[in-house]
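Tertiary structure, described
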Amino acid sequence: MKNSLSLYLVMGSQDCPHQNPVEILEEAIAGGITCFQFREKLSGKTGIEIIRLGRQLRQICADHQIPFIANDRVDLGLILEADGIHIGQDDLPAYEVRKLIGPRRLLGVSAKTPAEAHKALQDGANYIGVGPMFTTSSKLDASAPIGPKAIEHIRQELPDIPIVGIGGITTERAGQVISAGADGVAVISAITKSSSPYEVTKNFCRQIAITKKEKNKMIMD
Ligand SMILES: Cc1ncc(COP(=O)(O)OP(=O)(O)O)c(N)n1
Ligand SMILES: Cc1ncsc1CCOP(=O)(O)O
Ligand SMILES: [Mg+2]
């Protein structure tokens, strides 16, 4: 699980003003993402249009063995045969989603505190998304940034929990989030709004690899 979280692209058509989501996903996979979440929000698409786009993105992920996670909607996740669902604290309760999706699909839950993280695990989560780390313009109802310190606190109390940081993460900031204890970073705009999703994805991979190497070295020393 932890390796799959390393560089997690989250995207819906609302995040793609310059380029189509299919092309962005293909470039990001070529650049090295390790997980993908389909997060279609307020894009004005009808149900069937969402399914059509979701099927295209799902197939690309399957062709490259990249886990495909559906945001919020269990119904859509099941229609698209997603590998998992990601839900937040205000979505359906995690234990209900776990019952609906069965034991094999992945369940991601957003958490800001050790208590929320602990509850998510008890309810059947495979990983937690912690954020927003920094200011973000990709989530209209985002809370104030909680910063990498929030990951440090959760990591102290739950040493083994798979954690991905999210919100305002750029190539320059990815290292801080990994150093704080995250297994990976989840990114929307830094990739989807880039003039080269491929190049920026490669840069993320480079930064993450460097920071993980430094972290391992500190553990060994
Ligand atoms: C990996 C990851 N982490 C956190 C979130 C945020 O989920 P949520 O709090 O439900 O907010 P919305 O994405 O539904 O706006 C996420 N999607 N992915
Ligand atoms: C979905 C989500 N959850 C917390 S912040 C966020 C948006 C992240 O987008 P960006 O990487 O563009 O800041
Ligand atoms: Mg949600």
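Taking an unreviewed UniProt entry as the reference, the protein is identified by name as Thiamine-phosphate synthase belonging to Thermoflavimicrobium daqui. Recorded in UniProt under Pathway (unreviewed entry), the annotation for the protein is "Cofactor biosynthesis; thiamine diphosphate biosynthesis; thiamine phosphate from 4-amino-2-methyl-5-diphosphomethylpyrimidine and 4-methyl-5-(2-phosphoethyl)-thiazole: step 1/1." Word for word, the UniProt comment on the protein under Function (unreviewed entry) is "Condenses 4-methyl-5-(beta-hydroxyethyl)thiazole monophosphate (THZ-P) and 2-methyl-4-amino-5-hydroxymethyl pyrimidine pyrophosphate (HMP-PP) to form thiamine monophosphate (TMP)."

**Brief notes about the UniProt feature "binding site: 4-amino-2-methyl-5-(diphosphooxymethyl)pyrimidine" (unreviewed entry) in the protein**
According to UniProt, the positions carrying the feature "binding site: 4-amino-2-methyl-5-(diphosphooxymethyl)pyrimidine" (unreviewed entry) are Gln37, Phe38, Arg39, Glu40, Lys41, Asn71, Ser110 and Lys139. By the element assignment, Arg39 lies in the loop between β2 (35-38) and α2 (47-63). Judged by C-beta crowding, with 22 C-beta atoms within 10 Å, Arg39 ranks as buried. Those residues in contact with Arg39 that sit more than four places away from it in its chain are Val10, Met11, Gly12 and Asn71. By secondary structure assignment, the location of Lys139 is in the loop between β6 (127-130) and α6 (149-157). Of the residues examined, Lys139 has 17 C-beta atoms within 10 Å and is grouped as partly exposed.

Rules used in this analysis
- Numbers given to residues run from 1 along each chain, matching the order in which its sequence is written.
- Following the order in which they are written, the chains are lettered starting with A and the ligands numbered starting with 1.
- Local features are withheld for residues below a pLDDT of 70 in this predicted model, meaning they are given only at 70 or higher, and side-chain atom pairs are given and counted only at 80 or more; totals for whole chains, interfaces and linings count all residues.
- UniProt positions are given in the numbering used here, feature names are shortened, and annotations may be inferred rather than shown by experiment.
- Secondary structure elements follow DSSP: runs of H or I no shorter than four residues count as helices, runs of E no shorter than two count as strands, and numbering proceeds from the N terminus.
- Around each residue's C-beta, the other C-beta atoms within 10 Å are counted; 20 or more make the residue buried, 12 or fewer make it exposed, and counts in between make it partly exposed. All C-beta atoms are placed from the backbone.
- A pair of residues counts as a contact when their C-beta atoms, built from backbone coordinates, are separated by no more than 7 Å.

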